[in-house]
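Report on the structure
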Amino acid sequence: MDDFFDELYPELTLETEDILMTLSIKKDYSQIKDFNKRKEELINDLHEFIREFSETPESDEFVKYFNE
């Protein structure tokens, strides 16, 4: 099944010292011709994604994983 999504959506892997995250990008950013506007749109969408995730029960459950 993963191969199916790999063909449909490009993937973006983000890595910091603390987090490794792979995202499948569903939005077609090629419609935005100006590079700087396209990048701004992508970054805004990533911020929105994180904001939305922070408000979900899944984010609470994930953080509870680290309880002692």
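Check the entry above for the structure.
Residues numbered from 1 in each chain as written. Predicted model: local features only at pLDDT ≥ 70, side-chain atom pairs only at ≥ 80, totals over all residues. Heavy atoms only, no water.

**So, the layout of surface pockets**
- Approximately 310 Å³ is the volume found for the largest pocket.
- If you go around the largest pocket, you meet 14 residues; those closest to its centre are S24, I25, K26, K27 and F49.
- It is helix α2 (residues 35-54) that contributes the most residues to the lining of the largest pocket, 6 residues altogether.
- In terms of lining residues, the second largest pocket is bounded by M21, F49, I50, F53, S54, S59 and F62.
- Mapped by element, the contributors of at least two residues to the lining of the second largest pocket are α2 and α3 (57-64).
- If you tally residues by element for the lining of the second largest pocket, the top one is α2, at 4 residues.
- Of the residues in the lining of the second largest pocket, the class split is 5 nonpolar, 2 polar and no charged. (1 Å grid on protein atoms, 1.4 Å probe; cavity = no way out; pocket = protein on both sides within 12 Å on 5 of 7 lines; lining within 4 Å. Points joined across faces, edges and corners; volume = space filled by probe spheres on them. Helix = DSSP H or I, 4+ residues; strand = E, 2+ residues; numbered from the N terminus. Nonpolar A, V, L, I, M, F, W, Y, C, P; charged D, E, K, R; others polar.)

**What about the pairing of strand β1 (residues 11-15)?**
- In terms of strand pairing, β1 meets strand β2 (residues 20-24) through 5 bridges, oriented antiparallel. Note that in β2 the partner of L12 across the bridge is L23.
- What sits between the antiparallel neighbours β1 and β2 is a turn of 4 residues. (Pairing = 2+ DSSP bridges.)

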